[in-house]
Amino acid sequence: MIDLAQLRREPEFVKAALARRGVSSDTMDSILAIDVEHRRLLQEAEALRAEVKDLSRRVAEARRAAADDVAESLAARSREVGERERVAREACDVAGADLRARLLMIPNLPSPEAPDGPDETANVEVRRWWVGMDEGAPFPTFAAHQRVAHWDIARELGILDLDAGARLAGSMFPLYRGDGARLLRALSSFALDRHRDAYEEIRPPSVASTETMMSTGHLPKSADDMYEVPRDDLWLIPTAEVPLTSMHRGEILDESTLPIRLTAVTACFRREAGAAGRDTRGLLRVHEFDKVELFAYCTPDQAPAAHADILARAEAMLRDLGLTYRVLDLCAGDLGTSSARTIDLEVFSPGVDRWLEVSSVSWFRDFQARRANVRFRGPAGTQFVHTVNGSALAWARIWAALVETYHQADATVRLPEVLAPYFGDLTIRPRMT
RNA sequence: GGAGGGAUGACAGAGUGGCCGAAUGUACCGGUCUUGAAAACCGGCGUGGGCUUGCCCACCGUGGGUUCAAAUCCCACUCCCUCCGCCA
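Nothing here was measured: the structure is a model prediction, and the numbers come from that model.

We now examine the packing of helix α5 (residues 150-157) against helix α12 (residues 395-405). Axis separation between α5 and α12 bottoms out at 9 Å; the angle between their running directions is 75°. Classified by the interaxial angle, the pair formed by α5 and α12 is roughly perpendicular. Within the contact between the two elements, α5 uses H150, I153 and A154 and α12 uses A400, V403 and E404. Of the residues that constitute the contact of α5 with α12, the class distribution is four nonpolar, one polar and one charged.

As assigned here, chain A comprises domain 1 (4-104) and domain 2 (120-428). Computed from C-alpha coordinates alone, the two centres of domain 1 and domain 2 are separated by 44 Å. Taken residue by residue, the interface counts four residues in domain 1 and four residues in domain 2. Split into classes, the residues belonging to the side of domain 1 that touches domain 2 amount to one nonpolar, one polar and two charged.

Surrounding RNA strand B, one finds 18 residues, the nearest of these being A50, S56, V59, A60 and S78. Put simply, the parts of the chain that give the surface near RNA strand B at least two residues each are α3 (25-64) and α4 (68-104). Here the element with the most residues in the surface near RNA strand B is α3; it accounts for 13 residues.

Grouped together as the largest cluster of nonpolar side chains are 97 residues, with contacts concentrated most on A314, V347, L393, I398 and W399. Counting residues per element, this core draws most heavily on α12, at eight residues. Both of domain 1 (4-104) and domain 2 (120-428) provide at least three residues apiece to this core. Setting aside its immediate chain neighbours within four residues, W399 contacts L183, L184 and L283.

About the cut-offs
In this convention, every chain numbers its residues from 1, walking through the sequence in written order. Key to labels: chains lettered from A, ligands numbered from 1, both in the order written. Local features in a predicted model are, by the rule used here, given only for residues with pLDDT of at least 70; side-chain atom pairs are given and counted only at 80 or more, and totals for whole chains, interfaces and linings are based on all residues. Each axis is a line fitted through C-alpha atoms, taken for helices only over the stretch in contact, and angles between the N-to-C directions span 0 to 180 degrees. A run of DSSP states H or I qualifies as a helix once it reaches four residues; a run of E qualifies as a strand once it reaches two. Both are numbered from the N-terminal end. Angle categories are assigned with fixed cut-offs, so that under 35 degrees is roughly parallel, over 145 is roughly antiparallel, 65 to 115 is roughly perpendicular, and the rest are oblique. A residue pair is marked as a contact if its C-beta atoms, positioned from the backbone, fall within 7 Å. Put simply, Ala, Val, Leu, Ile, Met, Phe, Trp, Tyr, Cys and Pro go in the nonpolar bin, Asp, Glu, Lys and Arg in the charged bin, and everything else, Gly too, in the polar bin. Domain start and stop positions are those given by an automatic or database domain assignment. Placing the C-beta atom from the backbone, one calls a residue near a molecule or strand if that atom lies within 6 Å of it. Only buried residues count toward a nonpolar core: Ala, Val, Leu, Ile, Met, Phe, Trp, Tyr and Cys, linked into one set through C-beta atoms within 7 Å. For the exposure call, what matters is how many other C-beta atoms sit within 10 Å of a residue's own: 20 or more marks it buried, 12 or fewer exposed, and in between partly exposed, using C-beta atoms placed from the backbone.

Okay, here's the thing in structure tokens:
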């Protein structure tokens, strides 16, 4: 949630920032108008409330003085004022609820560093990396055997059964088998071990309450993108960011404990409601995938370094996996609701000949912390923490990129050395069954 | 799923209708004392909101209700503990 006090204090600044991501100035003006009205009603209700309290106090005094008739007349007056207070309070609550509902729909202010632009076409490519680049090698051309789509390779090797997944849950719910399943397990272990030096491993629930979903900004705006369990008022998490952000909800942290850095592997569930039929072959876009997330609660001062650390770790993993990737600085118009700045990592998957998003490293400033009410106590008093997070990494697309990149001329897949401790024999051969 | 007990400030723990936003202890911060520290003593010490910055309002798990007045009474819900049942 944006800071209402800031909106009042410097409305033109906030409007200008939000205009960069398509929020109209009229929208903000109507919020400001409701805020004025809400405060007027609040003052009215509170003044009446104070009067009721004062009268009640005098009732008690009169009772103590055994002046029962005085007490009764004071009580009668208080009843009357109380009735007016109830009316004022109701009007105030209506305005307050309206104000809050509108504020919840307002996205975060983009960071000044985020480039201008209306949508993903304006994202800025910061750099590319490929094996051998540092030694001056040109962007790879990829051999013919690398130009085979992962779904074809996977069928041949028997490591992915999309038909079975569809039978179980519908299309875009992949079922991995054999070495395909084992590869996912290896990737998660590889990532979690790698970040153990600084990030505490968490295994959170895979579902979250409506309140929890509100904290990260996924609700109310993105309800259509998530799976709901209405009977129990729960939602399947679209990312570990959701539980990790709420882990310390409502707490006041001691500054000395910051940054609190966490990592978790979870299944991530996405309905992909707006993307039906687009880029959905194979593992390009699926409803469920595993992902290792890196996350930090930090002070505003620590946030840039924490954000950079997550980006550096995600990139280092891609390099160690020997995958070709590029780094995109998301423009203001393409940022997620809660984010002030986001750097995406896209891996190049030669068989499908496209860049696939495998990580999104975001800095939310205090937007999520304000919703989740996570603060810290420092020398300057109590203030909201900053949250940052990023994937390291999303496995379905990494799986696809690995299988395509490392597809050999002999039809096997030869995985990168870095996975040896987790996968053993790095060669995936056709299943003998 | 059933029965019972509980939820109060950083923590512990009083408070069962009326100056209770809340005793007391611990922790924490400042001071006195001390060569220094400890102890002792003195003082301070929750969060958020509104405006005429001194006042007002809200917050005792959450949401309703009763009352002139609710931490306190009533109802529902959530979570924790104990026991029973079921169970990977």
